[in-house]
Amino acid sequence: MAEFDYDLFTIGAGSGGVRASRMAAAFGARVAVAEDKRLGGTCVNVGCIPKKLLVYASHYGTDFADAEAYGWNLGPRSFDWARLIANKDREIARLNGVYRGILEKNGVEILDGTARVLDPNTVEIGGRRVTARYLLVATGGLPYVPERPGSELAITSNEIFALPARPERILIVGGGYIAVEFAGILHGMGSHVTQIYRGELFLRGFDRDVRSVLAEEMRKQDVDLRFGVDLAKIEKRAAGVAATLDDGSVVEVDQVLAATGRRPNTQGLGLESAGVKRNAAGAVLVDAYSCSSVPSIYAVGDVTDRINLTPVAIHEGAAVATTLFGGRPVKPDHTDVPSAVFSHPNVGSVGLTEDEAREKYGDVVLFRTRFRPLRHTLTGSGETTMMKLIVDKASDRVVGLHMVGPDAGEIVQGFAVAVKCKATKAQFDATIGIHPTAAEELVTMRDPLPPVAPAGSE
Ligand code: NDP
């Protein structure tokens, strides 16, 4: 008789949990995964995928306007939120089925329900105790809403995907990925968007030029962006709500979206009974192999609050499966992770920001360009694209690459290979551009900015 019911018991069937489970099963392990919501986790159900579908929807707003400059005559147009949400829901249900199929095909047992850890090798689910040689905590994160009078009137990114109607007027609180993405989505669909951020400039952690250029572009589109101000309270009104800000101003809207960050989903999991150490925010503390303070318990993805991105969770999950069952210890690599913000226009980044590069390398050479995309020469749109390269002077390596503009995510994904391979500026220069594209600018920037130019100066 086997010592344990399973070799691996995964809690949470999101990006990281599913990848680890199916790979472990493919290595021959007996695996079960518990999920108390829909398969696929945040990314599939209330994150990346439905968000990107809404981003596509929102872009038609400007695309229709641009089309006229290109000779198209368009009739009356209107936007049907309910139809979009129904179509989106159908696609998400299909993906839930795809995830089920992937797990079943690999022989992973799926247990619907909430699992609770009882000890380093035992979980309880649906009144049943099961044991496993290893437990993997992959429970993700949950939206965090700061306590304010009336904060229960705000919705989060969990609810926005299921709203019965598009809010005509929305206040978005926060200055991170989710806040700027939904500002672009709803503005593009015709809503009046006010976005507030408590700091001096949103997207903290991104390169300063990226942050200021995106703010400028969003303001050009008439998004009401307000920095240095926070939410004080929300009160119900006959129609919608009134949000009072801490500068005393009042914004009347149909909805308030709190996009004020996410917290690791560890409450009620029973991790303390097994002795798993967590940080103050609840994140499971792990070593370089994603092992917690308890040798039989691993954790991957947002619940560990390292880099909270789907492909990173997948990478961590694969590393755990290979370490435990693939006969080879693998540490996930968290360096030079590219990311995109699907704001309008998009942001794409890989490597260090200018400040980080100065801190790490001291002497850096900067290349920056800002131009009107060819597409807008006919449309009259004032939108501009910004690209920036940060080069370590001593080695000539491109250590940071940043872009604000259409398709930034697509473009930076390709250039991320070069940055990961430690390409030099000379190698960028030796690469022939594809003409006419926006991306060719990244291999044709020849004139560095003056050495001591402060960030943000043109
Ligand atoms: P972020 O951590 O990116 O942003 C949270 C924002 O809320 C920050 O601007 C933060 O301000 C602000 N905030 C936090 N606490 C408070 C508070 N008490 N009062 C007022 N403002 C507050 O979180 P998101 O929820 O936007 O996204 C969560 C994570 O999900 C991201 O960090 C990212 O890793 C991932 N994600 C990735 C996407 C992508 O790849 N395109 C898309 C969406 C999410 P401050 O900066 O001052 O702390």
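Q: So what about helix α4 (residues 81–105)? Which residues, and what values?
A: In this model α4 runs 36 Å from its N-terminal to its C-terminal C-alpha over 25 residues, within 8% of the 36 Å that 1.5 Å per residue would give. Turning to α4, its buried residues are Trp 81, Leu 84, Ile 85, Lys 88, Ile 92, Leu 95, Asn 96, Tyr 99 and Leu 103. Taking the backbone nitrogen of Ala 82 as reference, a side-chain oxygen 3.2 Å away marks Asp 80 as the first, capping residue of α4.

Q: Outline the sheet that holds strand β20 (residues 385–392), listing residues and values.
A: With antiparallel pairing, five strands are arranged side by side in an open sheet as β17-β18-β21-β20-β19. Two strands bound the open sheet, and with one partner strand each, they are β17 (339–341) and β19 (364–371). Taken over all neighbouring pairs, the strand axes of this sheet differ in orientation by 10 degrees on average, direction set aside. By the bridge criterion, six bridges tie β20 to strand β21 (residues 398–404) in an arrangement that is antiparallel.

Q: An account of the packing of aromatic side chains is requested, with residue identities and associated values reported.
A: Following the criterion strictly, the structure yields nine aromatic pairs and no others. Aromatic side chains Tyr 60 and Phe 64 sit 6.0 Å apart centroid to centroid with 40 degrees between the ring planes, which places their arrangement in the tilted category. One end of the pair, Tyr 60, and the other, Phe 64, are both in helix α3 (residues 48–69), four residues apart, so they sit about a helical turn from each other. A residue is classified by how much of its surface remains accessible, and Tyr 60, at 49% relative accessible area, is partly exposed. Relative accessible area serves as the criterion here: at 35%, Phe 64 is assigned to the partly exposed category. Each ring, one from Phe 415 and one from Phe 428, has its centre 5.7 Å from the other, and the planes form 35 degrees; the classification is tilted. Taken together, the residues Phe 415 in helix α12 (residues 408–420) and Phe 428 in helix α13 (residues 425–430) connect sequence positions 13 residues apart. Both residues of the pair, Phe 415 and Phe 428, belong to the buried class. Three or more aromatic residues joined by ring pairs form one cluster here, namely Tyr 134, Tyr 298 and Phe 325. The residue whose ring lies beneath Arg 219 is Phe 227, and the NZ or CZ to ring-centre distance is 5.0 Å.

Q: Summarise the sheet that holds strand β11 (residues 231–236); cite the residues concerned and give the values.
A: The antiparallel open sheet is built from three strands, whose spatial order is β11-β12-β13. Every other strand in the sheet has two partners, leaving β11 and β13 (250–253) as the edge strands with one partner each. On average, each strand axis in the sheet is tilted by 20 degrees relative to the strand beside it, whichever way the strands run. In the sheet, strand β12 (residues 241–245) pairs with β13 via four bridges, with the strands oriented antiparallel. Looking across to β13, one finds that Val 241 is bridged to Val 253.

Q: Which residues make up the packing of helix α1 (residues 15–26) against helix α9 (residues 310–325), and what values do they have?
A: Their axes nearest at 7 Å, the elements α1 and α9 cross at an angle of 30 degrees. As far as their axial angle goes, α9 and α1 are roughly parallel. The hand of the α1/α9 crossing is right-handed. Of α9, the residues touching α1 (which contributes Ser 15, Gly 16, Arg 19, Ala 20, Met 23 and Ala 24) are Thr 310, Ala 313, Ile 314, Gly 317, Ala 318, Ala 321, Thr 322 and Phe 325. Here the contact of α1 with α9 is built from residues that sort into eight nonpolar, five polar and one charged.

Q: How would you summarise the site of the ligand if you had to cite specific residues and measurements?
A: Not every one of the 22 residues close to the ligand is listed here, only the nearest: Gly 175, Tyr 197, Arg 204, Asn 308 and Ala 340. Contact distances for the ligand include 3.3 Å between an oxygen atom and a backbone N or O atom of Tyr 177. Between the ligand and Gly 261, the relevant distance is 3.3 Å, taken from an oxygen atom to a main-chain nitrogen or oxygen of the residue. Calculation on the ligand without its partners gives an accessible area of 910 Å², and the protein chains cover 78% of this total. It is helix α6 (residues 177–188) that provides the largest number of residues to the shell around the ligand, a total of three residues. When grouped by side-chain class, the residues that make up the shell around the ligand number nine nonpolar, six polar and seven charged.

Q: Tell me about the environment of Gly 282, and name the residues and values.
A: Relative to the assigned elements, Gly 282 resides in the loop between α8 (271–274) and β16 (297–299). Each C-alpha atom of the pair Gly 282 and Gln 267 lies 7.7 Å from the other, and the pair is 15 residues apart in sequence. Among residues more than four places away in sequence, those in contact with Gly 282 are Pro 264 and Thr 266.

Q: I'd love a proper account of the pattern of salt bridges, names of residues and values included.
A: Under the defined criterion, the tally for this structure stands at 30 salt bridges. We note a salt bridge from Asp 36 to Lys 37, for which the minimum N-O separation is 3.7 Å. Put simply, Glu 68 and Arg 77 hold a salt bridge, and the shortest N to O gap is 3.6 Å. Through salt bridges that share partners, Asp 207, Asp 209, Glu 354, Arg 358, Arg 368 and Lys 388 make up one connected network.

Basis of the calculations
Residues numbered from 1 in each chain as written. Predicted model: local features only at pLDDT ≥ 70, side-chain atom pairs only at ≥ 80, totals over all residues. Heavy atoms only, no water. Helix = DSSP H or I, 4+ residues; strand = E, 2+ residues; numbered from the N terminus. Expected span 1.5 Å × (residues − 1). Buried < 20%, exposed > 50% of the residue type's maximum accessible area, 1.4 Å probe, protein only. Polar contact = N/O pair within 3.5 Å; in protein donor to acceptor, adjacent residues only side chain to side chain. Pairing = 2+ DSSP bridges. Axes fitted to C-alpha atoms, helices over the stretch in contact; angles between N-to-C directions. Phe/Tyr/Trp six-rings, centres within 6.5 Å; stacked < 30°, edge-to-face > 60°. Lys NZ or Arg CZ within 6 Å of the ring centre and 35° of its normal. Parallel < 35°, antiparallel > 145°, perpendicular 65-115°, else oblique. Left-handed = near helix turned anticlockwise from the far one by under 90°. Contact = heavy atoms within 4.5 Å. Nonpolar A, V, L, I, M, F, W, Y, C, P; charged D, E, K, R; others polar. Near = heavy atom within 4 Å. Areas by Shrake-Rupley, 256 points an atom, 1.4 Å probe, with all protein chains shown as cover. Salt bridge = Lys/Arg side-chain N within 4 Å of Asp/Glu carboxyl O.

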